[in-house]
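A structural walkthrough
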Amino acid sequence: MKQIFIGTMVVFLAIPSLVLGYEIEKNPSLPVENSFIVGPAKIEAEIAEGGVKTVLLNVENRTGRSQTFKISFDDFTAGIEEGETVSIGGGKSEETSLRSFLFVEKKEFTLDHGDRLLLPVTISIPAGTPAGTRLGAVLVSSAKIVDRITDDARAYSATNVVGQIATLVFVNVPGNVNAEGKLEAIKTKNNVRIFWGAPINLQILFRNSGEVYLNPYGKVDVTNMFGRQVSSYVLDPWFTLPNSLRTREIVLSKGLTFGKYTAIAYLNRGYGDIVDEKRISYFVFPPGYVVLIIIFVSALLYGVKKIFTRNRAVV
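Residues numbered from 1 in each chain as written. Predicted model: local features only at pLDDT ≥ 70, side-chain atom pairs only at ≥ 80, totals over all residues. Heavy atoms only, no water.

1. A closer look at the overall build of the protein
When helices and strands are tallied, the protein shows 3 helices and 20 strands. Going through the 315 residues of the protein one by one, you find that 39% of them count as buried. Of the contacts made within the protein by residues no fewer than 6 positions apart, 71% connect residues no fewer than 24 positions apart. Summing over all exposed atoms, the protein offers an accessible surface of approximately 18100 Å²; the carbon and sulfur share of this is 56%. (Helix = DSSP H or I, 4+ residues; strand = E, 2+ residues; numbered from the N terminus. Buried < 20%, exposed > 50% of the residue type's maximum accessible area, 1.4 Å probe, protein only. Contact = heavy atoms within 4.5 Å. Areas by Shrake-Rupley, 256 points an atom, 1.4 Å probe, with all protein chains shown as cover.)

2. Points about the pattern of salt bridges
Under the defined criterion, the tally for this structure stands at 12 salt bridges. One salt bridge connects Glu33 with Arg62, and the closest N-O pair in it is separated by 3.2 Å. Taken as a pair, Glu33 in the loop between strand E1 (23-25) and strand E2 (35-39) and Arg62 in strand E4 (residues 52-62) lie far apart in primary sequence, 29 residues in all. Judged by its relative accessible area of 17%, Arg62 is buried. In this structure, Asp221 engages Lys219 in a salt bridge whose closest nitrogen and oxygen atoms are separated by 3.3 Å. According to the relative accessible area criterion, Asp221 is buried, its value standing at 6%. Taken together, the shared-partner salt bridges connect Lys26, Asp112 and Asp115 into one network. (Salt bridge = Lys/Arg side-chain N within 4 Å of Asp/Glu carboxyl O.)

3. As for the sheet that holds strand E19 (residues 259-268)
The strands that make up a sheet are held in pairs by hydrogen bonds between backbone atoms, and each pair lies either parallel or antiparallel. Strands sit in the order E14-E20-E19-E16-E17 across an open sheet of 5 strands; the sheet is mixed. Two strands bound the open sheet, and with one partner strand each, they are strand E14 (194-195) and strand E17 (229-235). Pairing between E19 and strand E20 (residues 275-284): 10 bridges, direction antiparallel. Bridge assignment links Gly259 to a residue of E20, and that residue is Val284. (Pairing = 2+ DSSP bridges.)

4. Considering the sheet that holds strand E15 (residues 200-208)
Taking strand neighbours across the sheet as the criterion, the 3 strands line up as E13-E15-E18 in an open arrangement whose pairing is antiparallel. Since the sheet does not close on itself, it has two edges, and those belong to strand E13 (181-188) and strand E18 (244-252), each with one partner. Neighbour-to-neighbour, the strand axes of this sheet turn through a mean angle of 20 degrees, independent of strand direction. Where E13 and E15 come together, 7 bridges link them in antiparallel fashion. Looking at the pairing, Ile186 lines up with Ile204 of E15. (Axes fitted to C-alpha atoms, helices over the stretch in contact; angles between N-to-C directions.)

5. Here we look at the environment of Phe36
Within the secondary structure layout, Phe36 lies in strand E2. Looking at Phe36, the relative accessible area reads 12%, which means it is buried. Considered as a pair, Phe36 and Ile165 are 129 residues apart in the sequence and their alpha carbons are 8.8 Å apart. When neighbours within four sequence positions are excluded, Phe36 is seen to be in contact with Val59, Glu60, Asn61, Arg62, Phe69, Val140, Ser142, Gly163, Gln164 and Ile165.

6. Some points on unusual backbone geometry
Cis geometry is adopted by the peptide bond preceding Pro40, which originates at Gly39 and carries an omega value of -5 degrees. Looking at where Pro40 falls in the secondary structure, it is placed in the loop between E2 and strand E3 (42-46). For Asn191, which is not glycine, the phi dihedral falls at a positive 60 degrees. Residue position: Asn191 is located in the loop between E13 and E14. Looking at Asn191, the relative accessible area reads 52%, which means it is exposed. A positive phi angle is found at Asp273, which is not glycine, with a value near 55 degrees. Tracing the sequence through the fold places Asp273 in the loop between E19 and E20.

Written out as structure tokens, the structure reads:
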């Protein structure tokens, strides 16, 4: 029995990260950037009610020093107005909250510079949870211990939070739910229709009016006044939460010289293979072309005037 006990202790000492519920990879040669990295930025999962799934989060310390990190959970929402971004902890709804369904074995740890933490996060959906989207955030906060000197010269240690990064967690609980959304508009920023050159900022507006989050995707083609395609831009999938309006911005910079252009957005809604199409036209007048046009028009008017004056003199 003693030998078995000693053997078991040796195994535990050899793999302490497994006992603590996480794993650490060491790479002290990483460049010092006075920051830390958390990934992935987004985690998506489909978990039936009563189901459990474990996902992996990674935290990499590039601060150049030993750093303490803390894990916490919260909810997040997206704004319903154009241009509003995700709000951590804002407008919490029990119907969409995921915070109480998230779990990690250890919520505080210290990493040396170059350490990369691989942290399992468990998502447990209780039996009886209604179908639909659940939203939560895993917050990673960095903290450092500082000495605070009081009036009587006694030193106390205190923890200061110096940074926080969130990983957003999207969970769809399958069932009888409504998926509904559409490409609402494509427009130029501030609704400007005349430009003096590149870049040109376009905004693609997608409204999710359903009960589950969607990942629309597609492309934007740009054609000139002759109908010839001069450029194309890929729209990678981006998340849109239920009952929200999300804006995707792209910057046009290629193939723009002089004349009228049309930007056409083709957007797959992210369900049912339904593709929406919207377009907008605008005009580009580069300064160099404008100067040439002014010179040409001035020369034309001058020539007409000389001809008219000569004809009057002959009469």
